[in-house]
Amino acid sequence: MKSARLLDTRDAAPAAPTPVRVRIADDMAMLRAAAELTRDISVARPAIFWGDLLASALLGYVALFAAVTVAPVGWAMLAAVVSVLALYRAGSFIHELTHMKHATVPGFRIGWNLLVGIPLLVPSFLYEGVHTLHHARTRYGTTDDPEYLPLALMKPHSLPLFVVAALLAPVALLFRFAVLAPLGLALPTLREKIVAQYSGLAINPKFRRRAPEGEARALWLWSETGASLWAITLITLVATGTVPLRGFLIFLGVVSGVAVLNQVRTLVAHLWENDGEAMTVTAQYLDTVNVPPPTLLPALWAPVGLRYHALHHLLPGLPYHALGEAHRRITAAVGEGSPYHKASYAGLPGLVHSLMRSTMRRGV
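Note that the coordinates shown come from a computational prediction; the quantities given were computed from them, not determined experimentally. Residue positions are given per chain, counting from 1 as you read along its sequence in written order. Reporting of local features is limited, given that this is a predicted model, to residues whose pLDDT is at least 70; pairs of side-chain atoms are given and counted only at 80 or more, and all residues count toward the totals for whole chains, interfaces and linings. In computing side-chain values, all of the structure's heavy atoms are included and hydrogens and water are not.

Colleague: Teacher, can you tell me more about the overall build of the protein here?
Modeller: Helix and strand counts for the protein stand at 16 helices and 0 strands. Every radius of gyration here is taken over C-alpha atoms, with the globule rule written as 2.2 Å times N^0.38, N being the number of residues. Since a compact globule built from 364 residues should have a radius of gyration of about 21 Å, the 21 Å found for the protein is in line with a globular shape. Once the C-alpha set of the protein is aligned to its principal axes, its extents read approximately 65 × 50 × 50 Å. When each of the 364 residues of the protein is scored for burial, the buried share is 51%. Calculation of accessible area relied on Shrake-Rupley with a 1.4 Å probe; when residues are assessed, cover is drawn exclusively from the protein chains displayed. Here the protein displays about 17000 Å² of accessible surface, and carbon together with sulfur accounts for 68% of that area. Helix and strand definitions here come from DSSP, where helices need a minimum of 4 consecutive H or I residues and strands a minimum of 2 consecutive E residues; each element is numbered from the N-terminal end. The cut-offs for exposure are 20% and 50% of the maximum accessible area for each residue type, with area from a 1.4 Å probe on protein chains only; residues under the lower value are buried, those over the upper are exposed, and the others partly exposed.

Following this line, the structure appears as structure tokens:
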């Protein structure tokens, strides 16, 4: 879930002499171990998916209702924080939707869109068909990757701009679905622009989507229609006073909180050190981050398996509930010198500090 389109690669530092990069060869022992040790845990378990999603969504909406209706400010703020964390977890299942075989968890895509995607104005078509490009071996880290920017090679102001841009996500999404989508029905040229530039959760400002076809087009049309009707209804209810302005603003604040939390997580999902060249699978793995136990906080800011993001890049089809076991098996099986160990980090503060230090070298 990404929303940093305000960034531009023009923020990258001026060209300067850089050391020649050594191409990292694939470590075949690591790749074989990852594949062989996880075959028996590679199938999604519907009970876990549905149970986790329903519990997270229920907690999120109950907490949101409490934040809107509870009078004491302190309790309302606490309820809002709980709502952000729970809805963020529920929303993070959009990542699983892009990789899973939908027949293994029947109805989950439709259920997620109805429960989370449409209410939060992030229907899954915004991510499906986009995120898989990020995993394409020849695209990762290049200018054709919709989810990559060389943040570590950019100027210091790029980082706060990257995060602050997420604050605007709820307003931008309301405008996209309540205004642009209906106008696009009457203006074909505008519709082409909407499809290409405003229909993907991407952070690369140069990324342009192609129009969907077949099953993807059907998903796009019904979920976009649902999101548009919801956005128009919500604005109408607020404009007529049916929904109090305070409650609407709290809703926008919670959605902004979800977007910002996801953007911070995105900030440390990779090291962002690639300068545009194609990378081997092992190099991609080493440019990505695992934050495994014993640290506990990643369960909140990197839920639904996102704390094992580097491992996910090795095994993108592995369901989130299997990543912890896969990490334990691979860690025990590979030698101390294996690059597998080099993608594990202690936590968020150290990763942010390293990224900031890298950009500071670029100057203001």
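What follows picks up the thread again.
Colleague: What's the story with the packing of helix α8 (residues 169–186) against helix α9 (residues 188–197) in this structure? I'm lost.
Modeller: Two packed helices can be described by the angle between their axes and the distance between those axes. Interaxial distance between α8 and α9 falls to 6 Å at its minimum, and their mutual angle equals 135°. Relative to α9, the element α8 is oriented oblique. Between α8 and α9 the crossing geometry is left-handed. The segment α8 lies against α9, with Arg176, Leu180, Ala181, Leu183, Gly184 and Ala186 engaging Pro188, Leu190, Arg191 and Ile194. Residues were grouped as follows: Ala, Val, Leu, Ile, Met, Phe, Trp, Tyr, Cys and Pro as nonpolar; Asp, Glu, Lys and Arg as charged; and all remaining residues, including Gly, as polar. Counted by class, the contact of α8 with α9 contains 7 nonpolar, 1 polar and 2 charged residues. Convention adopted: a line fitted to C-alpha atoms gives each axis, helices being fitted over their contacting stretch, and angles between N-to-C directions are expressed from 0 to 180 degrees. Roughly parallel means an angle under 35 degrees; roughly antiparallel, over 145; roughly perpendicular, 65 to 115; everything else is oblique. Here a crossing is taken to be left-handed if its near helix is turned anticlockwise relative to the far helix by less than a right angle, and right-handed if that turn runs clockwise. Residue contacts are counted whenever heavy atoms from the two residues lie within 4.5 Å of one another.

Colleague: It is not clear to me how the side chain of arginine 307 should be interpreted in this structure. Could you clarify?
Modeller: Within the secondary structure, arginine 307 is located in the loop between α13 (298–301) and α14 (309–314). Charged residues are defined here as Lys and Arg on the positive side and Asp and Glu on the negative side; His and the ends of the chain fall outside this count. Put simply, a salt bridge is a Lys or Arg side-chain nitrogen that is within 4 Å of an Asp or Glu carboxyl oxygen. One buried charged residue, arginine 307, forms no salt bridge at all, with the nearest opposite charge on aspartate 52 at 12 Å. Here a polar contact is recorded for every N or O atom pair within 3.5 Å, except that within protein the pair must consist of a potential hydrogen donor and a potential acceptor, and residues adjacent in sequence are included only if both atoms are side-chain atoms. For arginine 307, the side chain forms a polar contact with the main-chain oxygen of proline 292, separated by 3.5 Å. In this structure, arginine 307 is in contact with Val289, Asn290, Val291, Pro292, Pro293, Thr295, Pro298, Ala299 and Ala302, ignoring residues within four places of it in sequence.

Colleague: What exactly am I supposed to notice about a nonpolar patch on the surface here?
Modeller: Among the surface-exposed residues, Leu59, Trp75, Leu78 and Val82 lie close enough to one another that they form a single nonpolar patch of about 400 Å² accessible area. Element by element, the count of residues in the nonpolar patch is highest for helix α3 (residues 73–91), at 3 residues. Checked against the element boundaries, leucine 59 lands in helix α2 (residues 46–69). A residue is classified by how much of its surface remains accessible, and leucine 59, at 46% relative accessible area, is partly exposed. Patches here: salt-bridge-free residues with over 30% relative accessible area, like charges joined within 9 Å, nonpolar side chains (Val, Leu, Ile, Met, Phe, Trp, Tyr) joined within 5 Å.

Colleague: Please clarify how the pattern of salt bridges should be interpreted in this entry.
Modeller: For the coordinates displayed, the defined rule picks out 9 salt bridges. The closest approach of N and O atoms between arginine 176 and glutamate 224, which form a salt bridge, is 2.6 Å. Of this pair, arginine 176 sits in helix α8 while glutamate 224 sits in helix α10 (residues 214–239); the two residues are 48 residues apart in sequence, bridging distant segments of the chain. Like glutamate 224, arginine 176 is buried. Residues glutamate 325 and arginine 329 are paired through a salt bridge, measuring 2.9 Å at the closest nitrogen-oxygen approach. Taken as a pair, glutamate 325 and arginine 329 lie in helix α15 (residues 323–333) at a separation of 4 residues, close to a single helical turn. Salt bridges sharing common partners tie together Asp40, Glu325, Arg328 and Arg329.

Colleague: Looking at this structure, how should I read α15?
Modeller: Note: α-helices contain 3.6 residues per turn, so residues at a spacing of three or four share the same orientation. Taken residue by residue, α15 has Leu323, Gly324, Ala326, His327 and Ile330 as its buried positions. Viewed along the axis of α15, the buried residues span an arc of 160°, placing them on a single side of the element. Working definition: the arc comes from the directions between the helix axis and the C-beta atoms, pointing outward to the latter.

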